[in-house]
Amino acid sequence: MKRRYAVSALAACAVAIAFAAPATHAADHPASAGDKAKVERGRYLVTFGGCNDCHTPWKMSDKGPEPDMSRMLSGHPQSLAIQAGVAPPPGPWMAVVGVTFTAWSGPWGVSFTKNLTPDKETGLGGWTEKEFIATMRTGRERGLGREILPPMPWQNYGKATDADLAAMFAYLKSIPAISNHVPDPIPPEAPPAK
Amino acid sequence: MDVNRATRLGERLILAASAGKGCFRRRSLCASLPALLLLAALVAPPATADCAPQHLADTGLYADFAAKTLAPEVHPFSPQYALWSDGATKRRWIRLPPKKRIDARNPDAWVFPVGTRFWKEFAFGRRVETRLIERQADGEWHFATYRWNQDESDAVLVPETGVRHVAESRPGVPYDLPGVVECRACHESGLATILGFSALQLSSDRDPNALHGITPDPGSLDLDELLRRGWISDLPQAIAAHAPRVRAATPTERTALGYLHANCSNCHNSQSLIADLGLSFVVHADGTPDALATAVGHPSHYHPTGTTIERHIVPGDPDASLVMTRISNRGNARQMPPMDSHLADADAIALLSRWIRELAARPASESSPPNVTSPAPPSGNLPGG
């Protein structure tokens, strides 16, 4: 059941990007109105792009699993410790998804979704717009660091315009900061860690 | 790096990340013009523009490929501080266009004339790969990698996405050929695109303790030879008059800072995409090392899960220094550099640990130490690098 939800979330991301509307250019607006428009454009893209599907922890409700918006876009909860990956069950399965939809165990090891809130220590607060754009373009943290792991569909987001990616970043910088230290990913065959 | 440059880099990286695009697309166009190709081959055997030849033999490196005899206009060089490449033995060559000079007015970022070519060979007992970098007419650099066959009778251009596990650096440790994305990530994030051909790296005052150093081939170019031949212009007099060397309080520090310059400053510098991290391992041509002012005692943005490590370098305490965690790890999120290495550099771990312990005895205010004389190198350095 959970896996089906995960697949749906991924598909939503891809579809959203594929059908995203053309960018609104901030230069078309006066500075303050432009900033507001940029943030609103970013809100639209982040929402439509399905970012909450993986970067907001899910909870169980009387209607089934749903994103816990009180922890919006804060990534895998640091309180939910995961020490090792788990193999999928026999059959046509590739990955196993954590109870919050924020931890993914597969051939790549265990990946944890990032804290996208503007918290300076644990989120995007220390990031720049150009780093965010380069991350989406290259699939590497800040454009130069470690590889971003599945199921993050950066290849799709990387095809967005600079203006759209900048708008997404502007929106992410505008949301409430949540301090949540997402753990490092766990490699598939972990070598002895220092 | 400004936003425009970052954007251009991003555009190039994502183009390179799309397999089969770029050079290959243009090659198809070239193939539709066989007569023009033939003419071009007769006039200038190595390919022009950014359409790399399919075979290394056609790039102009060798006059006699079978005998591995270098072309007369190709010259070896050897940087004093080497990038760790999982222990590969490496050789490097440059070919400058006739009657062209290198603009050295910025001693930290030389500007090479259009048509300049660099080759770098990697070997583990046998040749494994040779990389080619060429400056194009539009000022951009083109990157290509050639994979040697087992008997070294040929080396063929590999896809722009690179190739995994073409050899083993140690039994069971894979060695990969990087893709163009990785090439550009390192070469286009620093002060200069060409990383090992600079005033500091070619100084005639070589560090005798440098890790993985090799004895330069006969006829290798160094800074003095470049000046004698008149191949560089406008090098600041202060640099030309005094062979560059790392400003350091001890021989260990000199070698450690040189190693960090060669292995970390490609990304960690003041012009990089990630310059806002405030971390630089550059050693400038005048010998000034940035690491003392930006890394020693400074907090890190990254805190490894499950540790209390918070600072890049903690004087006297290697175990609490993030730099040590970074260079000691492979195959996980802590690894640095984050690409193209599956094997930690044991010699570097020992060197940097020794230096960090040594730092405990230094006054905190000392950030620009005097130069010192290095003693003879210790035994035990691995070849290559």
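Here the residue index of a chain counts from 1 through its sequence in written order. Key to labels: chains lettered from A, ligands numbered from 1, both in the order written. Residue-level local features of this predicted model are given only where pLDDT is at least 70; pairs of side-chain atoms are given and counted only at 80 or more, and the full residue set underlies all totals for whole chains, interfaces and linings. The side-chain numbers reported here are obtained from all heavy atoms of the structure, hydrogens and water having been left aside.

A. Structural context of the overall build of chain B. For helices the rule is a DSSP run of H or I covering at least 4 residues; for strands it is a run of E covering at least 2, with both sets numbered from the N terminus onward. For chain B, the count of helices and strands is 10 helices and 12 strands. Only heavy atoms enter the contact rule, under which two residues are in contact if any of them lie within 4.5 Å. Relative to all contacts within chain B whose residues are 6 or more apart in sequence, the contacts with residues 24 or more apart total 61%. Only carbon and sulfur atoms are counted for the fraction: they give 56% of the accessible area of chain B, which is about 16200 Å². Calculation of accessible area relied on Shrake-Rupley with a 1.4 Å probe; when residues are assessed, cover is drawn exclusively from the protein chains displayed.

B. Quick peek at the pattern of salt bridges. All names here are of chain B. Whenever a carboxyl oxygen of Asp or Glu lies within 4 Å of a side-chain nitrogen of Lys or Arg, that contact is scored as a salt bridge. Enumeration according to the criterion identifies 26 salt bridges over all chains in this entry. Here R127 makes a salt bridge to E121, at a shortest N to O gap of 2.8 Å. Accessible area is worked out with a 1.4 Å probe on protein chains only. A residue is then buried under 20% of its type maximum, exposed over 50%, and partly exposed in between. Among the residues examined, R127 registers a relative accessible area of 15% and is labelled buried. Residue E121 is classed as buried on the basis of its relative accessible area of 5%. Between R184 and E188 there is a salt bridge, and its shortest N-O distance comes to 3.0 Å.

C. Inspection of the nonpolar core at higher detail. Residues and elements named next belong to chain B. By nonpolar core is meant a set of buried Ala, Val, Leu, Ile, Met, Phe, Trp, Tyr and Cys residues that side-chain atoms within 4.5 Å join together. Counting residues in hydrophobic clusters, the biggest one holds 32 residues, and the most contacted among them are L257, Y259, L260, F281, I313, L352 and W355. Those elements that provide at least two residues to this core are α7 (251-264), α8 (291-294), α9 (322-328) and α10 (346-359). With residues near it in sequence (within four places) discarded, L260 still touches S265, F281, V323, L352 and W355. Within the second largest apolar cluster, 23 residues are counted, among which are I102, I194, F197 and L226.

D. Representation of the packing of aromatic side chains. Residue and element names in this part refer to chain B. Classification of ring pairs uses Phe, Tyr and Trp, with its six-membered ring standing for Trp, and accepts pairs whose centres are within 6.5 Å; under 30 degrees between planes counts as stacked, over 60 as edge-to-face, and the remaining range as tilted. Summed over the entire model, instances satisfying the criterion amount to 15 aromatic pairs over all chains. Taken together, a centroid distance of 5.2 Å and an interplanar angle of 90° make the contact between F112 and F118 edge-to-face. As far as burial versus exposure is concerned, F112 and F118 are alike and both buried. Among the aromatic residues, those joined into a ring-pair cluster are F77, W110, F112, F118, W141 and F197. We call a charge positioned above a ring when the Lys NZ or Arg CZ atom is no farther than 6 Å from the ring centre and deviates by at most 35 degrees from the ring normal. Across from the ring centre of F65, 4.7 Å away, lies the NZ or CZ of K68, which sits over that ring.

E. Molecular detail of the sheet that holds strand β9 (residues 155-157) of chain B. Residue and element names in this part refer to chain B. For two strands to be treated as a pair, DSSP must find at least two bridges joining them. Read across the open sheet, the 6 strands follow the order β3-β4-β6-β7-β8-β9; overall the sheet is antiparallel. This sheet does not close on itself; its edge strands, each paired only once, are β3 (75-77) and β9. The average undirected angle you get between the axes of adjacent strands in this sheet is 25°. Contacts from helix α4 (residues 180-187) reach β7 (126-135) and β8 (141-148), with the element oriented near 130° to β8. For helices, the fitted axis covers only the stretch in contact; all axes are lines through C-alpha atoms, and the angles between them, taken along N-to-C directions, range from 0 to 180 degrees.

F. Spatial organisation of the sheet that holds strand β3 (residues 96-97) of chain A. All names here are of chain A. Strand order in the open sheet made by the 3 strands is β3-β4-β5, with antiparallel pairing throughout. Across the chains shown, the open sheet's two edge strands, defined by having one partner strand only, are β3 and β5 (109-112). As paired strands, strand β4 (residues 103-106) and β5 are joined by 4 bridges and run antiparallel to one another. Looking at the pairing, W104 lines up with S111 of β5.

G. Spatial organisation of the environment of A:G64. Residues and elements named next belong to chain A. On the secondary structure map, G64 appears in strand β2 (residues 64-67). Classification of G64 by relative accessible area gives buried; the value is 13%. Sequence-wise, G64 and R137 are 73 residues apart; in three dimensions their C-alpha atoms are separated by 35 Å.

H. Region of interest: the state of the cysteines. For this text, the term disulfide refers to a pair of cysteine sulfurs within 2.5 Å. Summed over all chains, the structure comprises 0 disulfides over all chains. There is no disulfide at B:C267, and the cysteine sulfur nearest it, in B:C186, is 5.3 Å away.

I. Highlighting the environment of B:A66. Residue and element names in this part refer to chain B. Position of A66 among the secondary structure elements: in the loop between β1 (62-64) and β2 (69-70). You can call A66 exposed: its relative accessible area is 70%. Distance in space between the C-alpha atoms of A66 and V180 is 28 Å, their sequence separation being 114 residues.

J. Highlighting empty space enclosed by the protein. All names here are of chain B. Here the term cavity refers to a set of points on a 1 Å grid, laid over the protein atoms alone, in which a 1.4 Å probe fits but cannot get out; the term pocket refers to an open set having protein on both sides within 12 Å along at least five of seven lines, with lining residues being those that place an atom within 4 Å of a point. Grid points are joined across faces, edges and corners, and a volume is the space filled by probe spheres set on the points. One pass over the structure, following the stated rule, counts 4 cavities of 30 Å³ or more. Approximately 60 Å³ is the volume attributed to the second largest cavity. In terms of lining, the second largest cavity is formed by P76, F77, S78, K90, R91, R92, I214, T215, P216, D217 and S220. Among the secondary structure elements, those contributing two or more residues to the lining of the second largest cavity are β3 and β4 (89-95). For the lining of the second largest cavity, the element with the highest residue contribution is β4, accounting for 3 residues. Note on residue classes: Ala, Val, Leu, Ile, Met, Phe, Trp, Tyr, Cys and Pro are nonpolar, Asp, Glu, Lys and Arg are charged, and everything else, Gly too, is polar. Grouping the amino acids of the lining of the second largest cavity by side-chain chemistry returns 4 nonpolar, 3 polar and 4 charged.

K. Seen up close, the interface of chain B and chain A. Each partner contributes to the interface: chain B provides 33 residues, whereas chain A provides 28 residues. For the chain B and chain A pair, buried surface summed over both sides reaches about 2600 Å², with 58% attributable to carbon and sulfur atoms. At the junction of chain B with chain A, the criterion picks out 3 salt bridges. As a salt-bridge pair, B:R164 and A:E147 come within 4.0 Å of each other at their nearest N and O atoms. Pairs of N or O atoms within 3.5 Å make up the polar contacts considered here, provided that, within protein, one atom can donate a hydrogen while the other can accept it, and that residues adjacent in sequence are counted only when both atoms are side-chain atoms. The interface formed by chain B and chain A includes 4 residue pairs in polar contact (both at pLDDT 80 or more). Summed over both partners, the accessible surface that disappears when two parts come together, traced with a 1.4 Å probe, is what is meant by buried area.

Any link to function would need more than the numbers given here.
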